[in-house]
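Chain by chain, the residues run as shown.
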Amino acid sequence: MTEPDTLRKFKRERLIGRYIANPAVAALDRLGIRTALVSELETTGAKTGLPRRVPVTASFDDTGAWIICQHGPRAGWARNITADPRVRIRRGDRWYTGTAAFVPDDNVVARARSFATGRIARPVLAWTIKALETEPISVRVTFAAA
């Protein structure tokens, strides 16, 4: 994909996320409807200093969580992490505090496959990530000691 195509795709995805997908996920969350595939990431706004929340797909383990930033450094939450890597991430009803770091050497395709375990969910999630990405990079959130 050429740079102009990538930029167009990013702008389209950002509009869909900002005005359709993210508000829909937030509305369902307010109603108490949650899925294991969607977590909420809270960063501190790079310009405003205010908390910013975005729905993400995350894979949790004992010491942290993995997230794929589909648009790499263009994503607003990626810019926020660059400015301040302290984040919170919600799994179900529980919030975890941690530090986020980009892991450019991680295999994004393999990481995406590890996010879902079901026979149907795994290919659907991998396809969705592939369809939406422009400059994917893995992000590791390491939880703070409790």
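Residues numbered from 1 in each chain as written. Predicted model: local features only at pLDDT ≥ 70, side-chain atom pairs only at ≥ 80, totals over all residues. Heavy atoms only, no water.

Under an unreviewed UniProt entry, the name given to the protein is Nitroreductase family deazaflavin-dependent oxidoreductase, and the source organism is Nocardia xishanensis.

**Observations regarding the nonpolar core**
Our working rule: Put simply, buried Ala, Val, Leu, Ile, Met, Phe, Trp, Tyr and Cys residues joined by side-chain atoms within 4.5 Å make one nonpolar core. The buried label applies to any residue whose accessible area, calculated with a 1.4 Å probe on protein chains only, is under 20% of its type's maximum; exposed applies above 50%, and partly exposed to all values in between. Only DSSP runs of H or I covering at least 4 residues are called helices, and only runs of E covering at least 2 are called strands; the numbering of each starts at the N terminus. A contact between two residues is defined here by any heavy atoms of the two lying within 4.5 Å.
Formed by 20 residues in total, the largest nonpolar core has its most connected members in Leu-41, Ile-67, Trp-77 and Ile-89. Per element, the largest residue contribution to this core is four residues, and it comes from strand E7 (residues 137-143). Here Ile-67 is in contact with Leu-41, Val-56, Thr-57, Ala-58, Trp-77, Ile-89, Phe-115, Ile-137, Ser-138, Val-139 and Val-141, once residues within four sequence places are set aside. Of all hydrophobic cores here, the second largest spans five residues; its members include Trp-66, Val-108, Ala-112 and Phe-115.

**Quick word on the pattern of salt bridges**
Condition: Note on definitions: salt bridges are taken to be side-chain nitrogens of Lys or Arg within 4 Å of carboxyl oxygens of Asp or Glu.
What the rule picks out here adds up to seven salt bridges. In this structure, the salt-bridge partner of Arg-53 is Glu-42, at a minimum N-O distance of 2.8 Å. Here Arg-53, found in strand E2 (residues 51-56), pairs with Glu-42, found in strand E1 (residues 39-44); they are eleven residues apart in sequence, far enough to count as distant. Given the relative accessible area of 46%, Arg-53 is considered partly exposed. A residue is classified by how much of its surface remains accessible, and Glu-42, at 14% relative accessible area, is buried. The partner of Arg-88 in a salt bridge is Glu-42, and the shortest N-O contact between them spans 2.9 Å. Separated by 46 residues along the polypeptide, Arg-88 in strand E5 (residues 86-91) and Glu-42 in strand E1 bring together distant segments of the chain. Within this structure, Glu-42, Arg-53 and Arg-88 form a network of salt bridges that share partners.

**What to know about the pairing of strand E6 (residues 94-103)**
Note the threshold: Two strands are said to pair when DSSP picks up at least two bridges between them.
In terms of strand pairing, E5 meets E6 through six bridges, oriented antiparallel. Looking at the pairing, Arg-91 lines up with Arg-94 of E6. Connecting E5 to the antiparallel partner E6 that follows it, the hairpin turn spans two residues, and Gly-92 within it adopts a positive phi of roughly 65°. Where E6 lies against E7, six bridges are found, and the strand directions are antiparallel. Residue Ala-101 lies in a different strand from E7, and its bridge partner there is Arg-140.

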